[in-house]
Structure formats: C-alpha cells, structure tokens
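# Tertiary structure, described
Given next are the chains, with one letter for each unit.
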Amino acid sequence: MTEKKKIAAATIVMASATSMSRVAGLVRDVVVARLFGAGMMTDAFFMAFTIPNLLRRFFGEGALTAAFVPTFSEIFHQRGEKEAQQLVNRCVTLLLLVMLVVVFLGVVLSPWIVQGVGYGFGQVAGKLDLTDQLNRIMFPYIGFVSILALLTGILNVRGHFFIPALSPLFLNFAMIISALTLGHLFAQPIYSLAIGVLLGGIVQLLLQVPVLFRYKIKLRFDFNFRNDPHLRKIRNLMLPGIAGVAIYQLNIIVTRLLASFLPEGSVSYLYYGQRLFEFPQGIFIVSLAQAALPMMSRQVTEGDQKGLRQSLTFALTLITLFTLPAIVGLIICAKPIYSLFFFGGEFNLTALNNTSLALICYAPGLVFVGYSRIAAQTFYALKDTRTPVVISFWTLLVNLVAGLLLMQYFGFMGLAISLTLASMFNAFMLLLLLQRKVGPFLQNSLYQPVLKVLPACALMAVAVTILLGFVDWLQVGSVLSKSIALSGAISVGILIFFGCCYVLKVDEIRQGWQLLRRRGRA
C-alpha cells in the first residue's frame, strides 16, 4: 500500500470513530443547551472547562504527541520493540509525576487562575465563585487525558487508530448521563456536568488498557529517566511545542476573556458556535493530521523528501476538497441546525439567532485551520518546533488586536471574525515558510482540484438554500418537518457536490471512493 493510500485509509478509520464521538458531542451540547440555556451557569461552565482544556493541549495531545510520536516512531522502527517499550515506561512515569504536581497546583491556585481568564465575570455577583468551584472539580481531568494522549501516540505508531479516536465518545456519554441524572442533587445543577467531565476522563483512559495488552505493551514504573537521551530529545522538541500550543490556545483564552466583558451569554454563544464549527474539523482535519504524522515522520527518517512533499500536497488537497463544501454548509445551515437540535427549553430565540451568527463568522476559518494543522504537523515531523511557535505568537497578536477593534462594533461576532482572520494569517505564514524548507509543493496538483470543486459548492449552495426555505426555522417544535427538510437538504447537497466532482473528474474524490469500495468488499 502506498503512503497516500495508508494516509487515506487511516484517515477513514479515524474519521469513522471520530464521527461517532462528534455526534455524541452534538447530543451532549443539545442536552446542555436545553437544560441550561445560554446564560450565567453555562458561561461559568464553559469558562471553567477552558482551563483544563488549555493545559491538556500543553501536556497532552498537542505538544507532547507532536514531540513523542516522531521520536518513538524512529526508535520503534530502527532499534526495536524492547527499547521502544523502555521509552514508553519512562515517559508514562515522568508524565504521571508532572500531572500530579500540575493538578495539585491547579486546584490550590484556582481562584486566581479563574479571575485571570474570566475577569469580566466579576461584574456579576457569584459568577466568578461558580466558575472557581467548577474549575476545581474538573481540573484532575487534565491528568487523565494527558496520559491518554501519550497512549494514543503509542497506538497510532503501532498502526491502531480506532479505539483512541473513539474514546471521546465516552466523555460525552458521561457528561450526558451526569447532566440528566445528577442535576437535581445540586442547588446549581451545572455541577453535574463538571462531575461528568471527571468521570469521562477516567473512562477514556481505562478504555485503552485492553488495546495495550493486545499489542503486548506492558506499562511499568521506570524512574530511570534523568539521563535518558531519548527523553531529553522529546523534552527539547516539546518545550517550544508547548509554547506554540500555548499561544494557539491563548487565542481561545483571549477570545473568552474579552467575551467576559460583553453582555451575559456572549461566552455561551461563542462556545456553541465553535462547537458546531469544530464538528467537521474533528471528523476530518484532526483525523487526517493524526494519520499523516507517523507516515511523514517515517519519510523524514528515511530521507524521502519527494515522498514527504507528495504526502503534504495530497493531505492539503484533501483538506481543501472537504472543508470548502463544509464551510458553505455551515453558513447556510447554521440557523436550521440550531433550530432543530437546540431551540427549546432554556435555549430561546435570542440564543438561536446569536449562536447562528457566531457560527457563520467562524465558518470561513475552517479551511485555514486545516492548512495550519497539516503544516504544523509537517514541521513537527521535521523536528522543527520553533517555526510554528514564532508564527503562533504573531497569530496571537493578530487575534488580540483584531478582537479589541471588532468587538467595539460587532460584539461577540467581532471576536469570532478576529479568530477567523488570525487562522488565515497563521495558515498563510506556515505554508510560506514550509515551502522554503522542503521545496515547492503548492503546485497545480493542489490548485486544479480546488478550481474544479468551486462550481460544485455553488450548485450545492443554491439547492440547499431553496430546500431549506420551505420551513419556518424561528418556530419552536415542528421537529418532524424540520428534520425532513434539513436531512433532505443536506443529502441533496452532498449528492450534488460529489456528483459534480465525479463529472468534473476530481481524481482525489475518485481515489477516496475507490478506497471505500475496496474496504467495503474486504
């Protein structure tokens, strides 16, 4: 199997698992919206959940994975399983010790941390205190998911993608069940969600144990990590990576900090908008990036520069082909989606309109997030973590300046637009510098499929808009007619898009379809 087919096959496996998790995540958000709406409690919860999520990116699936996977892949493929197992044991031991310290400090220093990221909440009585209590409950979650991220990297290098990609499904299940069954036990029912986060982190980690046994990976404590050269290598790669991930996540912190000074509900509007924005991002962009990293790392190790450029071009092409129709769909279907799934209970008409506007402002950034993710992973495969850090710093400044200016005129929408502009800047700079490093890859093989897919997106947009016009999306209820209209419009849109791509002979779409047929026959 060629590298292109390996990337595509692994992407399909991970996308399938991630799709289930994302659907469960949508159900979770619907439950949260219907039970708690968009106000003080949800503002506090989403702000509190931002903090452990930020640190998870520091120590877990962002910087650590990007530094660990290339190093582990090199040792496993060149030096054998025994030395790779030793590295795993030492990494797990060291990470566990670090997480114990981080969680302890996070709980103790919680009041000051919360005030720093949600300073504007001080204008509403009790809002900062509620955010603090929720943060204390959820902070241990970072420890569980950081270990999980390390195990995910190990299993991905071994060629197993499905179960790690499926694990977020159980976080969503835990949050849904807790919200529905434990809320009545608290004066502030939102505490039930925080407990669900903690339980979900535990379940996610335990889910990996049987898979580790299947690959004969036996985790043991190994405290001989002080003089390990491989750990030093991972540390040297990880430290600038942490800075880069920190700057990226600080974009979200900056957005929510600025939103805390806006009218109540602004943090929630942006959260709900970003969640639906992340739906296609999580299904395809993250899956493709995770599938491509081990293979690109191997190509770098083998000195296959031509193969690396081909893999990079192919990955960017797939990102473009799938994110452009997703952007069009998100913009057109924003209000219908929120009307069908969220509208009702505590989620009122104001929340519907404002959340839809937030998503529309986020949507154009999807393709740039995809480009940035692939470009950054390629830098990591090349063991260059400095360049993404520098670009991320300037991206943060772009987001901050744009946010401060645009929020004055557009409120929460201005903050969403500023994040989109920052994503565009980040992608442009990363691709420009990457091309200087590895040679030309932005060739006709990337541009030609994009030009062919634009007419397909236009025809899809017209058809979907017409079909959605038969339903009043501002009325509560009418679930059956809304479901038929939305599902029908989306189905027709997908058929038109792929039909046009087939007629226009977009080869990458055909390759994906042939791969699916072969897997189906298998």
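Chains are numbered independently. Their residues run from 1 in the order of the written sequence. Local features in this predicted model are restricted to residues of pLDDT 70 or higher, and side-chain atom pairs are both shown and tallied only at a pLDDT of 80 or more, whereas totals for entire chains, interfaces and linings draw on every residue. Working from all heavy atoms in the structure, the side-chain values ignore hydrogens and water.

### Considerations on the overall build of the protein
In DSSP terms, a helix is any run of H or I states spanning at least four residues, a strand is any run of E spanning at least two, and both are numbered starting from the N terminus. The helix and strand inventory of the protein stands at 21 helices and zero strands. Only protein chains enter the accessibility calculation, which uses a 1.4 Å probe; a residue whose area is less than 20% of its type maximum is buried, one above 50% is exposed, and one in between is partly exposed. When the 522 residues of the protein are sorted by exposure, 57% land in the buried category. Every residue pair with non-hydrogen atoms within 4.5 Å of one another is taken to be in contact. Partitioning the intrachain contacts of the protein with sequence separation of at least 6 by distance along the chain shows that 85% fall at a separation of at least 24. Residue-level accessible areas treat just the shown protein chains as cover; the underlying method is Shrake-Rupley with a 1.4 Å probe. Carbon and sulfur atoms make up 67% of the accessible area of the protein, which amounts to about 21,900 Å² in all.

### What about helix 16 (residues 366-381)?
Working note: α-helix, 3.6 residues per turn, so residues spaced by three or four point in the same direction. By this rule the span expected of a helix is its residue count minus one, scaled by 1.5 Å. For helix 16, with 16 residues, the first-to-last C-alpha span of 23 Å sits near the 22 Å given by 1.5 Å per residue. Counting buried positions over the 16 residues of helix 16 gives 14, a clear majority of the element.

### Regarding the nonpolar core
Only buried residues count toward a nonpolar core. Its members are Ala, Val, Leu, Ile, Met, Phe, Trp, Tyr and Cys residues joined through side-chain atoms within 4.5 Å. Among the nonpolar cores identified, the biggest contains 148 residues, and Phe45, Phe68, Leu134 and Tyr272 are the most heavily contacted of them. Here this core takes 15 residues from helix 14 (residues 305-341), the largest share from any one element. Not counting residues up to four positions away in its chain, the partners in contact with Phe68 are Leu87, Val88, Cys91, Leu150, Gly153, Ile154 and Ile234.

### A closer look at the environment of Met41
Positionally, Met41 belongs in helix 2 (residues 40-59). Spatially, the C-alpha atom of Met41 lies 7.9 Å from that of Lys127, the residues being 86 residues apart in sequence. Discounting chain neighbours no more than four positions away, the residues touching Met41 are Phe36, Leu130, Gln188, Pro189 and Ile190.

### Examining the packing of aromatic side chains
The geometry of two aromatic rings is summed up by the distance between their centres and the angle between their planes. Aromatic pairing here means that ring centres of Phe, Tyr or Trp (its six-membered ring) are within 6.5 Å. Orientation follows from the plane angle: under 30 degrees is stacked, over 60 is edge-to-face, and everything else is tilted. Scanning the model with the defined rule gives 20 aromatic pairs in all. Geometrically, the ring pair formed by Phe45 and Phe46 is edge-to-face, given 5.7 Å between the ring centres and 70° between the ring planes. For Phe45, a relative accessible area of 2% corresponds to the buried category. By relative accessible area, Phe46 is classed as buried at 2%. With centroids separated by 6.0 Å and ring planes inclined at 15°, the aromatic side chains of Phe221 and Phe223 adopt a geometry described as stacked. Across this residue pair, the class does not change: Phe221 and Phe223 are exposed. Cluster of aromatic residues (ring-pair linked, three or more members): Phe45, Phe46, Phe49, Tyr141, Tyr271, Tyr272, Tyr338, Phe342 and Phe347.

### Quick look at the side chain of Ser178
Turning to its location among the elements, Ser178 is positioned in helix 9 (residues 168-182). When neighbours within four sequence positions are excluded, Ser178 is seen to be in contact with Gly183, Ser192, Ile195, Gly196 and Leu199.

### Focus: the pattern of salt bridges
A side chain with one charge may pair with a side chain of the opposite charge, provided their charged atoms come close. Basic side-chain nitrogens of Lys or Arg form a salt bridge, by our definition, when they fall within 4 Å of a carboxyl oxygen of Asp or Glu. Within this structure, the stated rule accounts for seven salt bridges. With a shortest N-O distance of 3.3 Å, Asp132 and Arg136 are connected by a salt bridge. One end of the pair, Asp132, and the other, Arg136, are both in helix 6 (residues 127-138), four residues apart, so they sit about a helical turn from each other. For the salt bridge of Glu278 with Arg275, the shortest nitrogen-to-oxygen distance reads 3.8 Å. On the criterion of helical spacing, the pair formed by Glu278 and Arg275 is a turn pair, its members being three residues apart in helix 13 (residues 266-301). Judged by its relative accessible area of 22%, Glu278 is partly exposed.

Scope: geometric values only; no functional claims are made or implied.
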